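# Tertiary structure, described
Each chain, letter by letter, is given below.
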Amino acid sequence: MTQSIKDLLIEKCKLHKVNTTGCKSADDYRQALDEQAPQWEQEEENAPPRRRRAATETDKKRMSGEVQPPLETSCAKKPKPPPTLVATKPDVKEPSDALVKACEAVLANHGKPPRKEGDRIKSSAVWLAVKREFTVTGRSGYSRDSALSDATLLLYERYEAIDDDTARANSPLRWLNAGTQIKQGKQHRPGGKKKKKTEVDAMATEVATAVAAARTAKIMHSVYGKGAVELSGEVHGLLAEYTLVKVLRATTVQEALQWGVAPPWLTQEQVAAFWRVLAMVHPLTPLYDIREGALVPTGLPRVDFWIALAEPIARCAASLPEFASLLPLVDYMCPVHVKKNAPDFGPGGGAHAGATLTSGIEAHARRFVNRRSSIVRGPDALRRSPTDAHTYAPRGVATDELSCPTEGLIANVSLAMKNGELAVEGAFIGATRHETFDFGDDNAAMVTTFTTKAAAAGHGDARDCKRFERENAFGHALAAAFVAAVLNVADLARVSSWVLREAMRKPPSAFVRELYQDNKVVEWAQHALPGTGLELALRNALVAADLRLEMDRKGGAYDSALLASRDALLERLRERDARLEWKAKVHKAVAVVHGAGGLVGTARKCCLVVWTDLGSGPQLISAADAPFCVENIERTLKEAHDLHVILDALSTTDARDEAYGEFLKKSPWLQNTRLGVCFIGDLDNEGKPLKAHTRRVSFAADWAIVKTDIRAAVDYCLKRRDEWRVVTPDADELRRLGPRMPTADPIKLVVPTSAGVATDITQPAPPLPPLVVQPRGDAGGLAGAPKP
């Protein structure tokens, strides 16, 4: 009975057009009727008679006159047709005043209580409501749908023109959500879809031609063995970053002077001034200063790399009036986020809409829809503090206007294959603070072709071409795309977070915590404190993992590597690198996840597991005294900063070695370090190190003893590695994973053929790269090589 009453009340609400938002029970519906249609109960007293029963077949025949006497039909009144509403003005293509008032009435009705603020109605819903209320008519050349679209757009513009806050808060126009209509313009008109479909169909031939001209095979890779697999999307992105950084680092002043096209976004006067600056510098000087992380790169920081002009070039440029805005930023670097374009053919693509191109990107990129990648900002992506010593704060900028600590450039590039090797093309450069710009919510419906015919039809300007807002750099040398940004043209520093070059060598704790998650901050501290001790004890540089392997969580990842060097104190580290997987444990035992191929697959790609814990036996410490845990990380970061301030002031490795020993003697916190080392092949099935083959090092001793213990532990574990790798694997292991002894780069790219089939990958591997004679010392404890 209760449900039938509720159903009756719902029918009454529909009859009287009562806003029932939020109504759930029969009492709610009754209250809504009482408030919005108080006359409804009076109508209930004079309720119409019950409906007649459904007509039988005999009744139907009698009503049609086939049977005598005929049955009389009902005399009930038919519903009146809705009133006619002329949607257009007589002489101009504008919506009529009546249509505008009808749309406004829909908004006012939508905003009636209990509607909550912010619950707005889309333009398309307003159009439907007007059509239900009226018979809307248009005229030749200006349809009713176009008039409705223009009417809601007019109401949106009226609301935006209201200056008074009180008037805006009370205006019924505030309920209109015209976001999609504004973004897509005339294409969003109800009648525009048919026209767009005709345009898209006409592009199918052009798409087919582009597909035939560009290679569409997947980029494959082989890891030691003979089987090739397709690279995942995440690895594609890292390969793009790896390749881009390699290009930027290799660019010299001499190469920049040979660019056939001037750097984009510079005025003619700025280009001439920039060439004069380059002519003053040695031709072999690197054009850019690139840093992939603070102090020691580890894990994946929230910034892919920082970029700046080489310091002598920057100082010279800042002295010129054309680049005066660079003067306060000579000592700073700009953050860069690299994103891989996902070029597809979009409209008209049909079967080729999702084609993946591996060549000819720039030749066809103006025809593609380049789907952008977004930058994920977590809840801790806060605004900068103006008191931060490591970030630049422009004068006259309020605190709440400062960008968050990782804002900078976004570089969208496309991954390509050239002559069997990876390359990047089709660069789009933008400011991350403005990266909300997109090609529309519905990329598949956007026409972004740049052909002459399409441009004449009004579709040639679909992409935003404002400076530093996704403007393309096609036709320019890839390294030239960053010149305007690092010169601070267009005052990019106001929307980005430039960081001191010095902070890269000895970063304050606030800087580190801005870049990494808490667990990665602990790992960073491991590299900064005991990692520096490993460098000095072994005389091998500790460097970041290969970016291409960082996201390969199926057994290919490692955190850092000890580079082989002729200066190494261990013979095994003079011949071959040693890759390290770092762990930090306090309450639980260390465990390493086995990747593809299980333990034998993991041991091919990584050498040692190095971890910090509470120690064992007489060297056991309490959890409250553990330096490498989230709870105590702030004190550990301060120790790391103090240590590297001292080391950075010294120019020789021997002096740094002695300073590290003195610091260890005076630092009880660093003395709490307890290291465990194990060959990664000496793990059980659960990934836990076998105690029999684990070697431990306590830093609660004289530095000379600690160094001796480090060398003995690493040498023992590397000996275990070499003994394991010389064993000939069985046939099945060899087929799946290849030899245990790596012969070259663990990732070997497979050149795709025009048909998309991988070529022969059983060819001999290239020779090993030359040994590192003197490692770079700007990322750890070793001193840098003297400049020539």
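Residues numbered from 1 in each chain as written. Predicted model: local features only at pLDDT ≥ 70, side-chain atom pairs only at ≥ 80, totals over all residues. Heavy atoms only, no water.

Okay, the overall build of the protein chain next. For the protein chain, the helix and strand inventory stands at 30 helices and 22 strands. Per-residue burial over the protein chain gives 48% buried out of 788 residues. The long-range share in the protein chain, meaning contacts at least 24 apart out of those at least 6 apart in sequence, stands at 71%. For the protein chain, the computed accessible surface area is about 39100 Å², with 53% contributed by carbon and sulfur atoms. (Helix = DSSP H or I, 4+ residues; strand = E, 2+ residues; numbered from the N terminus. Buried < 20%, exposed > 50% of the residue type's maximum accessible area, 1.4 Å probe, protein only. Contact = heavy atoms within 4.5 Å. Areas by Shrake-Rupley, 256 points an atom, 1.4 Å probe, with all protein chains shown as cover.)

Let us now look at the nonpolar core. Ranked by internal contacts, the top residues of the largest apolar core, which has 133 residues, are Leu244, Tyr288, Ile307, Phe482 and Leu487. When residues of this core are assigned to their parent elements, the largest contribution, 8 residues, is made by helix α29 (residues 703–725). For Tyr288, the contacting residues outside a window of four places in its chain are Leu248, Ile307, Ala308, Leu309, Ala310, Ala479, Ala480, Phe482, Val483 and Val486. Membership of the second largest hydrophobic core comes to 24 residues, among which are Ala102, Ile121, Ala129 and Ala147. (Core = buried A, V, L, I, M, F, W, Y, C linked by side-chain atoms within 4.5 Å.)

Before going further, it helps to examine the pattern of salt bridges. The full count for this structure, using the stated rule, is 27 salt bridges. For Arg291, the salt bridge goes to Asp289, with nearest N and O atoms at 3.4 Å. Arg291 gets classed as buried once you look at its relative accessible area, which sits at 14%. Look at Asp289 and you get buried, because its relative accessible area is 18%. Residue Glu581 pairs with Lys583 through a salt bridge whose shortest N-O separation is 3.6 Å. (Salt bridge = Lys/Arg side-chain N within 4 Å of Asp/Glu carboxyl O.)

Right, let's talk about the packing of aromatic side chains for a bit. On inspection of all chains with the given rule, the structure shows 5 aromatic pairs. Both rings, one in Phe274 and one in Trp275, keep their centres 5.8 Å apart while their planes meet at 45 degrees; by these two values the pair is tilted. Taking 5.7 Å as the distance between ring centres and 65 degrees as the angle between the ring planes, the aromatic pair formed by Tyr332 and Tyr392 counts as edge-to-face. Taken together, the residues Tyr332 in strand β9 (residues 332–340) and Tyr392 in the loop between β11 (369–371) and β12 (409–418) connect sequence positions 60 residues apart. (Phe/Tyr/Trp six-rings, centres within 6.5 Å; stacked < 30°, edge-to-face > 60°.)

What follows is about the pairing of strand β18 (residues 578–584). Extensive coverage of β18 is indicated by the burial of 5 of its 7 residues. When strand β17 (residues 560–562) meets β18, the two strands line up antiparallel, connected through 3 bridges. Looking at the pairing, Ala561 lines up with Arg579 of β18. The pairing of β18 with strand β19 (residues 608–612) spans 5 bridges and is classified as parallel. Paired with Lys583 across the bridge in β19 is Trp611. (Pairing = 2+ DSSP bridges.)

Here we take up the state of the cysteines. Applying the stated criterion across every chain yields a total of 0 disulfides. Considering cysteine sulfurs only, Cys606 is the nearest to Cys607, which forms no disulfide, with 6.1 Å between them. Among the residues examined, Cys607 registers a relative accessible area of 3% and is labelled buried. (Disulfide = S-S within 2.5 Å.)

Running from N to C, helix α6 (residues 123–133) and helix α7 (residues 144–160) cross one another at 125 degrees; their axes reach a closest spacing of 10 Å. With respect to α7, the axis of α6 lies oblique. Regarding α6 and α7, the two cross each other, and that crossing is right-handed. On α7, the residues touching Ser123, Val126, Trp127, Val130 and Lys131 of α6 are Arg144, Asp145, Leu148, Ser149 and Thr152. (Axes fitted to C-alpha atoms, helices over the stretch in contact; angles between N-to-C directions. Parallel < 35°, antiparallel > 145°, perpendicular 65-115°, else oblique. Left-handed = near helix turned anticlockwise from the far one by under 90°.)

Attention shifts here to helix α5 (residues 97–110). One turn of the α-helix equals 3.6 residues, which is why residues spaced by three or four share an orientation. Helix length check: α5, at 14 residues, gives a terminal C-alpha distance of 20 Å against a target of 20 Å (1.5 Å per residue), a fit within 8%. Looking only at α5, the buried set comprises Leu99, Val100, Ala102, Cys103, Val106, Leu107 and His110. Projected onto a plane normal to the axis of α5, the buried residues spread over an arc of 160 degrees and lie on a single side. Looking at the buried residues of α5, the elements they touch are β1 (84–86), β2 (121–122), α6, α7 and β4 (176–177). (Expected span 1.5 Å × (residues − 1). Arc of directions from axis to C-beta.)

Once that is clear, we can look at helix α27 (residues 653–666). Here α27 contains 14 residues, and its C-alpha end-to-end distance of 20 Å stays within 8% of the 20 Å for a straight helix at 1.5 Å per residue. Buried within α27 are the following residues: Thr653, Arg656, Asp657, Ala659, Tyr660, Gly661, Phe663 and Leu664.

Most of strand β20 (residues 674–679) is tucked away: 6 of the 6 residues are buried. On β20, burial covers both faces: Arg674, Gly676 and Cys678 on one face and Leu675, Val677 and Phe679 on the other are all buried. As paired strands, β19 and β20 are joined by 5 bridges and run antiparallel to one another. Its bridge partner lying in β20, Val610 is registered against Val677. Here β20 runs beside strand β21 (residues 695–698); their pairing, made up of 4 bridges, is antiparallel. Of the residues in β21, the one forming a bridge with Arg674 is Ser698.

So, on to unusual backbone geometry. In this structure, Pro114 follows Pro113 across a cis peptide bond, with omega equal to 5 degrees. One can find Pro114 in the loop between α5 and β2. For Trp265, which is not glycine, the phi torsion reads 70 degrees and is therefore positive. Mapped onto the elements of the fold, Trp265 is located in the loop between α13 (253–257) and α14 (268–279).

Moving on, we come to the sheet that holds strand β16 (residues 542–544). Overall, mixed pairing links the 6 strands, which are arranged β16-β17-β18-β19-β20-β21 in an open sheet. Whereas interior strands pair on both sides, the edge strands pair on one side only; in this sheet they are β16 and β21. Strand-to-strand twist across the sheet, computed as the mean angle between neighbouring axes with direction ignored, equals 30 degrees. Across the sheet, helix α21 (residues 518–528) lies against β16, β17, β18 and β19, angled at about 130 degrees from β18, the strand it touches most. Running at roughly 150 degrees to β18, helix α22 (residues 530–538) makes contact with β16, β17, β18 and β20 of the sheet.

Function-wise, these values are silent; they only describe arrangement.
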